[in-house]
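For reference, the chains in residue letters:
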Amino acid sequence: MELRTEQLVLREYTLEDFAAVHSFASDPEIAEYVDWGPNTEDDTRSFLEACVISQEAVPRTDFTLTITPTDEAPVGSVGLTVDEHHHGHLGYVVGTRYWGKGYATEAAASLLSYGQEVLKLPRIEATCRPTNLASARVLEKIGMTLEGLRPHDRLIRGTWEDSLVFATVSQ
């Protein structure tokens, strides 16, 4: 699977992406906003192995792709998982060196469209920490609606954290 945007190629992960993925997944600044990381080398290897395995699943329920500027190594990740109710869950992460370039917005918009138009998902949601204003802005820009605050939603490094919930519903 491969999706293209103005600036990016969103493609399947391979085990050869290890160095690029580990460079952003091991960044403590990224880990501030997500419920994983900073990754050890084993964490990154396990992530890539899980991505490769999920590509062969039938039916496929995990679409995790690289965020790759044209002719470069991956600088982030975008994913859409489908749950047992046929609802989608969207997420993304971009390496700090690439913040502010519109990569998260392009990648998230592309995979959101894929979920709506190709997978025909009736509902797609995304969450972010309330302090992650940039991520909340990305979700608003791609047309998702803030539904509210989910208190004590995720246990992150021993602390229960709140989540903002954004969603889009197909008619």
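Just so you know, these numbers come straight off a predicted model, no measurement behind them.

Glancing now at the overall build of the protein chain. Each helix and strand in the protein chain was counted, giving 5 helices and 8 strands. Taken from N to C terminus, the helices and strands of the protein chain fall in the order β-β-α-α-α-β-β-β-α-β-α-β-β. Taken against the 2.2 N^0.38 rule, which gives 16 Å for 171 residues, the C-alpha radius of gyration of the protein chain at 15 Å falls within 12% of a compact globule. Its C-alpha atoms put the protein chain at 40 × 35 × 30 Å along the principal axes. Buried positions account for 46% of the 171 residues belonging to the protein chain. Across the protein chain, the fraction of contacts at a sequence separation of at least 24, relative to all contacts at a separation of at least 6, is 60%. Here the protein chain has roughly 9,000 Å² of accessible surface; of this, 52% comes from carbon and sulfur atoms.

With that settled, consider the sheet that holds strand S8 (residues 159-169). Ordered in space as S1-S2-S3-S4-S5-S6-S8-S7, the 8 strands form an open sheet in which the pairing is mixed. The open sheet is flanked by strand S1 (2-4) and strand S7 (145-156), the only strands paired with a single partner. Across the sheet, the mean angle separating the axes of adjacent strands is 25 degrees when strand polarity is ignored. Relative to strand S3 (residues 62-69), strand S2 (residues 8-12) runs antiparallel, the two sharing 5 bridges. Paired with Leu 10 across the two strands is Ile 67, which belongs to S3.

What follows is about the pairing of strand S4 (residues 76-82). The element S4 is largely enclosed, with a buried count of 6 among its 7 residues. With 6 bridges connecting them, S3 and S4 associate as antiparallel partners. Bridge pairing in S4 places Phe 63 opposite Leu 80. Once S3 ends, the chain turns through 6 residues before running back antiparallel as S4, passing Asp 71 with a positive phi of about 65 degrees.

Once that is clear, we can look at the packing of aromatic side chains. Tallying each qualifying case throughout the model produces 3 aromatic pairs. Arranged with centres 5.3 Å apart and planes meeting at 80 degrees, the rings of Tyr 13 and Phe 47 form a pair that is edge-to-face. Taken together, the residues span a long stretch of sequence, with Tyr 13 in the loop between S2 and helix H1 (18-25) and Phe 47 in helix H3 (residues 41-54) at a distance of 34 residues. The class for Tyr 13 is buried, based on a relative accessible area of 1%.

Turning next to the nonpolar core. One recurring pattern in soluble globular proteins: nonpolar side chains tend to sit buried together. Leu 10, Ile 67, Val 78, Leu 90, Leu 111, Leu 139 and Met 144 are the most contacted members of the largest nonpolar core, which totals 32 residues. Of all the secondary-structure elements, those providing two or more residues to this core are S2, S3, S4, strand S5 (88-94), helix H4 (103-118), strand S6 (123-128), helix H5 (133-141) and S8. Examining the composition of this core, we find that 7 residues originate from one element, H4, more than from any other. Residues in contact with Leu 111, not counting those within four places in the same chain, are Met 1, Leu 3, Phe 63, Leu 65, Val 78, Gly 79, Leu 80 and Leu 90. Residues Tyr 13, Phe 18, Phe 24 and Cys 51 belong to the second largest nonpolar core, which totals 10 residues.

Reading the values: rules and limits
Residues numbered from 1 in each chain as written. Predicted model: local features only at pLDDT ≥ 70, side-chain atom pairs only at ≥ 80, totals over all residues. Heavy atoms only, no water. Helix = DSSP H or I, 4+ residues; strand = E, 2+ residues; numbered from the N terminus. Rg over C-alpha atoms; globule rule 2.2 N^0.38 Å. Buried < 20%, exposed > 50% of the residue type's maximum accessible area, 1.4 Å probe, protein only. Contact = heavy atoms within 4.5 Å. Areas by Shrake-Rupley, 256 points an atom, 1.4 Å probe, with all protein chains shown as cover. Pairing = 2+ DSSP bridges. Axes fitted to C-alpha atoms, helices over the stretch in contact; angles between N-to-C directions. Phe/Tyr/Trp six-rings, centres within 6.5 Å; stacked < 30°, edge-to-face > 60°. Core = buried A, V, L, I, M, F, W, Y, C linked by side-chain atoms within 4.5 Å.

Spatial relationships are all this shows, so hold off on functional conclusions.
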